[in-house]
Amino acid sequence: MVIRIAAVGDVHLDEDVVGRFRPALEELPDCADVLLLAGDLTRHGTEAEARCVAEEFGGLAVPVVTVLGNHDHQCDQVPQVVKVLEDAGITVLEGNGVVLDCAGGRLGIAGVKGFGGGFAGRCASDFGEPEMKAFVRTTNESAESLGTALRSLDCDMLVALTHYSPVPDTLVGEPLEIYPFLGSYQLGQAIDSAPTALALHGHAHAGTERGTTPGGVRVRNVAHPVIKQAYSVFHVGDQLDTDQVSAIGQSGSQRSWS
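By the naming in an unreviewed UniProt entry, the protein chain is Icc-related predicted phosphoesterase, taken from Micromonospora taraxaci.

## Observations regarding the environment of His 73
Note that His 73 resides in the loop between β3 (64-67) and α3 (78-87). His 73 sits 31 residues away from Thr 42 along the chain, and the two C-alpha atoms are 9.3 Å apart. Beyond its immediate sequence surroundings of up to four residues, His 73 is in contact with Leu 68, Val 78 and Lys 113.

## Focus: the sheet that holds strand β12 (residues 218-221)
Sheet architecture is open: 6 strands sit in the order β5-β6-β9-β10-β12-β11, paired in mixed fashion. Across the chains shown, the open sheet's two edge strands, defined by having one partner strand only, are β5 (96-102) and β11 (210-212). Taking each pair of neighbouring strands and ignoring which way they run, the sheet shows an average axis angle of 25°. Relative to strand β10 (residues 198-201), strand β9 (residues 157-162) runs parallel, the two sharing 3 bridges. Residue pairing for β10: Ala 160 is matched across the bridge by Ala 199. The sheet contacts of helix α4 (residues 130-152) involve β5, β6 (105-112) and β9, and relative to β6 the element is tilted by about 170°.

## Concerning the nonpolar core
Ranked by internal contacts, the top residues of the largest apolar core, which has 31 residues, are Phe 21, Leu 25, Leu 28, Leu 35, Phe 57, Leu 85 and Tyr 231. The contacts of Phe 21, once residues within four sequence positions are left out, are Val 11, Leu 13, Glu 56, Phe 57, His 224 and Ala 230.

## Some remarks on the UniProt feature "domain: Calcineurin-like phosphoesterase" (unreviewed entry) in the protein chain
UniProt feature "domain: Calcineurin-like phosphoesterase" (unreviewed entry): in the numbering of this structure it lies at residues 3-79. Strand forms 19% of residues 3-79 and helix 22%; the C-alpha atoms that close the span are 31 Å apart.

## Some remarks on the packing of aromatic side chains
Overall, the coordinates contain 3 aromatic pairs when judged by the stated rule. On the basis of an interplanar angle of 40° and a centroid distance of 6.0 Å, the ring pair of Phe 21 and Phe 57 is categorised as tilted. Within this pair, whereas Phe 21 is found in the loop between β1 (2-8) and α1 (22-25), its partner Phe 57 is found in helix α2 (residues 47-57), the two being separated by 36 residues in sequence. Relative accessible area serves as the criterion here: at 3%, Phe 21 is assigned to the buried category. Residues Phe 115 and Phe 135 carry aromatic rings whose centres are separated by 5.0 Å and whose planes lie at 50° to one another, so their mutual orientation is tilted.

Cut-offs and rules
Residues numbered from 1 in each chain as written. Predicted model: local features only at pLDDT ≥ 70, side-chain atom pairs only at ≥ 80, totals over all residues. Heavy atoms only, no water. Helix = DSSP H or I, 4+ residues; strand = E, 2+ residues; numbered from the N terminus. Contact = heavy atoms within 4.5 Å. Pairing = 2+ DSSP bridges. Axes fitted to C-alpha atoms, helices over the stretch in contact; angles between N-to-C directions. Core = buried A, V, L, I, M, F, W, Y, C linked by side-chain atoms within 4.5 Å. Buried < 20%, exposed > 50% of the residue type's maximum accessible area, 1.4 Å probe, protein only. UniProt positions renumbered as here; feature names shortened; annotations may be inferred. Phe/Tyr/Trp six-rings, centres within 6.5 Å; stacked < 30°, edge-to-face > 60°.

The structure is reproduced here in structure tokens:
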């Protein structure tokens, strides 16, 4: 049993970008069972930009599931953005999950935007000023909702979808000073709280593709500036070696990562 998952994040669509991804997206049924979008779909989070996303990623022959990113929140039009995407048939997750029936089995996807905070030994703490406590509270609540969603899904394969990174591994290449604004260790803990097969995120444009949670879950940074293609395709399932996640680029070249 193998499920094929296409993924990309940080496409930052606006009118001048519409159509760039569509030719490759039309080929998805030949190589993937589902497309996951790891946030930052728009440049500034406007309803007009959301319509560009709907035009580009709506009406595909495979299900499309997304989380929002920080850019998608910029103009405080999240309800309008979500409605436009959902009207186009795109499932938007935030602290919840969905189970899809794929040819290779039942795929459970739990998603949340996530938030910053940093990683073990170099992270923000729930102490001091109200503003700092609110910052860390947002991080904790986001991670807790992801963990709850992951543990609630009845499926054959489980995937976590976030915008912010759950590990520092995939941030390598970014300035160390901004790690706390790119992800948090709490997301990694949430992913490790369930039998997650794969974790996908974006946000770190100058980061690295692959990492691992402390519990051994494979993490992949699918930000478009990192993967440099329309999407990557990941094969997960019990017919693969348990220590391996394979990825096939949109160009067709295969890479297997242990």
